Amino acid sequence: MVTYNIWRVHHDESFWENPFTFDPTRFLDEHGKLLPPEDEKRHRLLTFGIGKRSCIGENLARARIFLGLTSILQNFDLTRDPSEPFPSSDPRTYEITFFLKPPSYKLQFTPRH
Ligand code: HEM
């Protein structure tokens with residue numbers, strides 16, 4: 001049996017630049033395009049696990065997240081209160097519950113039409 005530590009892979013400071021910073025642009029090339037699937041960064045992103053026991057719900061989860069997120073972005077402008085900066089996105093500062101729990105923050109949803 002092979003087991004692996006997803007946290008370790010995702011926070012390996014010898015590979016990732018700023019592994020504790022939320023930065024989706026790390027997966028884009030210099031033209032703003034998503035890196036190709038064969039890029040090592042893509043290989044090291046194991047959101048749904050890897051191998052025989054990887055997540056059986058991956059396609060469903062991806063479809064639902066895409067639909068949910070695009071529905072929100074199509075229908076609302078999202079703004080934040082400039083007087084309240086976003087809390088840190090460093091997971092080492094999160095509260096440890098069953099999952100790591102990020103701090104709450106306020107966003108204003110303004111209908112787009
Ligand atoms: C964003 C959403 C999700 C994430 C990030 C996620 C992530 C994962 C991860 C990391 C594993 C473990 C893989 C391993 O042990 O190697 C897993 C397993 C599993 N996931 Fe998900 N999952 C998600 C959504 C779902 C959904 C929607 C379903 C079902 C409808 C689901 C069903 C399962 C099942 C049944 C397993 C166990 C597979 C096995 O051991 O053979 N997951 N998931």
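Please refer to the structure higher up on the page.
Residues numbered from 1 in each chain as written. Predicted model: local features only at pLDDT ≥ 70, side-chain atom pairs only at ≥ 80, totals over all residues. Heavy atoms only, no water.

Student: Kindly report on the overall build of the protein chain, identifying the contributing residues and their values.
Tutor: The number of helices and strands found in the protein chain is 3 helices and 4 strands. Mapped from its N terminus to its C terminus, the protein chain presents α and β elements in the order α-α-α-β-β-β-β. The C-alpha atoms of the protein chain give 17 Å as radius of gyration, which overshoots the globular expectation for 113 residues (13 Å, by more than 25%). With respect to the principal axes defined by its C-alpha atoms, the protein chain has extents near 50 × 35 × 30 Å. Residues counted as buried form 12% of the 113 residues belonging to the protein chain. Expressed as a percentage of contacts within the protein chain between residues at least 6 apart in sequence, the contacts between residues at least 24 apart total 49%. In the form shown here, the protein chain has an accessible surface area of approximately 9900 Å², with 58% of it arising from carbon and sulfur atoms. (Helix = DSSP H or I, 4+ residues; strand = E, 2+ residues; numbered from the N terminus. Rg over C-alpha atoms; globule rule 2.2 N^0.38 Å. Buried < 20%, exposed > 50% of the residue type's maximum accessible area, 1.4 Å probe, protein only. Contact = heavy atoms within 4.5 Å. Areas by Shrake-Rupley, 256 points an atom, 1.4 Å probe, with all protein chains shown as cover.)

Student: Give me the lowdown on the side chain of Asp12, citing residues and values where you can.
Tutor: As for its position among the elements, Asp12 is in the loop between helix H1 (6–10) and helix H2 (40–43). A relative accessible area of 14% places Asp12 in the buried class.

Student: So what's going on with the coordination of the iron atom of the ligand? Which residues, and what values?
Tutor: Of all protein atoms, Cys55 (SG) alone acts as a donor to the iron atom of the ligand, lying 2.2 Å away. Among the secondary structure elements, Cys55 is positioned in the loop between H2 and helix H3 (58–75). (Donors = N, O, S within 2.8 Å, 3.2 Å for Na, K, Ca; no water.)

Student: So what about the site of the ligand? Which residues, and what values?
Tutor: Near the ligand there are 13 residues, and of these Tyr4, Phe48, Arg53, Cys55 and Ile56 occur at the shortest range. A distance of 2.4 Å is found between an oxygen atom of the ligand and a side-chain nitrogen or oxygen belonging to Tyr4. Between the ligand and Arg53, the relevant distance is 2.7 Å, taken from an oxygen atom to a side-chain nitrogen or oxygen of the residue. Tallied by class, the residues present in the shell around the ligand amount to 8 nonpolar, 4 polar and 1 charged. (Near = heavy atom within 4 Å. Polar contact = N/O pair within 3.5 Å; in protein donor to acceptor, adjacent residues only side chain to side chain. Nonpolar A, V, L, I, M, F, W, Y, C, P; charged D, E, K, R; others polar.)

Student: How would you summarise the packing of aromatic side chains if you had to cite specific residues and measurements?
Tutor: All told, the structure shown has 6 aromatic pairs when counted by the stated rule. With centroids separated by 4.9 Å and ring planes inclined at 90 degrees, the aromatic side chains of Phe15 and Trp16 adopt a geometry described as edge-to-face. Of the residues examined, Phe15 reaches a relative accessible area of 27% and is grouped as partly exposed. When its relative accessible area of 7% is taken as the criterion, Trp16 is described as buried. Between Phe76 and Phe109 the ring centres are 5.6 Å apart and the planes differ by 70 degrees, which places this aromatic pair in the edge-to-face class. Taken as a pair, Phe76 in strand S1 (residues 76–79) and Phe109 in strand S4 (residues 108–111) lie far apart in primary sequence, 33 residues in all. For Phe76, a relative accessible area of 29% translates into the label partly exposed. One aromatic cluster is present, formed by Phe15, Trp16 and Phe27 through successive ring pairs. Above the plane of the ring of Phe15 lies Arg44, whose end atom (NZ or CZ) is 3.9 Å from the centre. When the ring centre of Phe86 is taken as reference, the NZ or CZ atom of Arg80 above it lies at 4.8 Å. (Phe/Tyr/Trp six-rings, centres within 6.5 Å; stacked < 30°, edge-to-face > 60°. Lys NZ or Arg CZ within 6 Å of the ring centre and 35° of its normal.)

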